[in-house]
Amino acid sequence: MICTFECTFCRSCVENILGNVCPNCGGGFCARPIRPKYDWKGGNYLGVYPASTTVKHRPVDSPLHERFAESIKSITPELR
């Protein structure tokens, strides 16, 4: 899942831990788009721009996030 600032988290964390509130910016999440597998136009595809295989684990401080999210999670992501 991805927020508008391109913070990415797995669906399980977004739904079960973060409550659809990005811990970095407060925005909501949507499904991460998939890069084209084939070169449909101008070399913009996975063959030229492969997805990263490096996992960057940045643990979320759950109590701190809960306090942060509590004040804004009732606001729909479109209005945050």
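Before reading further, recall that the structure is shown in the block above.
Predicted model only: the values in this text are computed from it and were never measured.

S.K.: Would you mind going over the state of the cysteines in detail, with residue names and values included?
M.R.: Applying the stated criterion across every chain, the model contains zero disulfides. For the unlinked cysteine Cys3, the closest cysteine sulfur is that of Cys7, found at 3.6 Å. Look at Cys3 and you get buried, because its relative accessible area is 5%.

S.K.: I'd like to hear about the layout of surface pockets, residue by residue, with values.
M.R.: By volume, the largest pocket is sized at about 940 Å³. Lining the largest pocket are 25 residues; nearest its centre among them are Cys7, Thr8, Phe9, Lys56 and Arg58. Looking at side-chain class alone, the lining of the largest pocket contains 14 nonpolar, six polar and five charged residues.

S.K.: Now, about unusual backbone geometry: what can you tell me, with residues and values included?
M.R.: The phi angle at Glu6 is positive, at roughly 70 degrees, despite the residue not being glycine. By secondary structure assignment, the location of Glu6 is in the segment before helix H1 (11-16). Within the chain, Asn20 stands out as a residue other than glycine whose phi angle is a positive 60 degrees. Among the structural elements, Asn20 can be located in the loop between H1 and helix H2 (62-70).

S.K.: Tell me about the packing of aromatic side chains, and please be specific about residues and values.
M.R.: The way to describe two aromatic rings as a pair is by their centre distance and the angle between their planes. By the definition in use, this model includes two aromatic pairs. Between Phe9 and Phe29, the ring centres sit 5.7 Å apart and the planes meet at 85 degrees, which makes this aromatic pair edge-to-face. On the criterion of sequence distance, the pair formed by Phe9 in the segment before H1 and Phe29 in the loop between H1 and H2 is long-range, its members being 20 residues apart. In terms of burial, Phe9 and Phe29 fall into one category: buried. Taking 5.7 Å as the distance between ring centres and 70 degrees as the angle between the ring planes, the aromatic pair formed by Tyr38 and Trp40 counts as edge-to-face. Residue Tyr38 is classed as partly exposed on the basis of its relative accessible area, which comes to 48%. Classification of Trp40 as exposed rests on a relative accessible area of 67%.

S.K.: Hey, could you go over the pattern of salt bridges for me, with residue numbers and the actual values?
M.R.: In this structure the tally under the stated criterion is two salt bridges. Measuring nitrogen to oxygen at the nearest pair gives 3.5 Å for the salt bridge that ties Glu15 to Arg11. With Glu15 and Arg11 both in helix H1, this residue pair falls four residues apart, about one helical turn. In this structure, the salt-bridge partner of Glu70 is Lys73, at a minimum N-O distance of 3.3 Å.

Cut-offs applied
Residues numbered from 1 in each chain as written. Predicted model: local features only at pLDDT ≥ 70, side-chain atom pairs only at ≥ 80, totals over all residues. Heavy atoms only, no water. Disulfide = S-S within 2.5 Å. Buried < 20%, exposed > 50% of the residue type's maximum accessible area, 1.4 Å probe, protein only. 1 Å grid on protein atoms, 1.4 Å probe; cavity = no way out; pocket = protein on both sides within 12 Å on 5 of 7 lines; lining within 4 Å. Points joined across faces, edges and corners; volume = space filled by probe spheres on them. Nonpolar A, V, L, I, M, F, W, Y, C, P; charged D, E, K, R; others polar. Helix = DSSP H or I, 4+ residues; strand = E, 2+ residues; numbered from the N terminus. Phe/Tyr/Trp six-rings, centres within 6.5 Å; stacked < 30°, edge-to-face > 60°. Salt bridge = Lys/Arg side-chain N within 4 Å of Asp/Glu carboxyl O.

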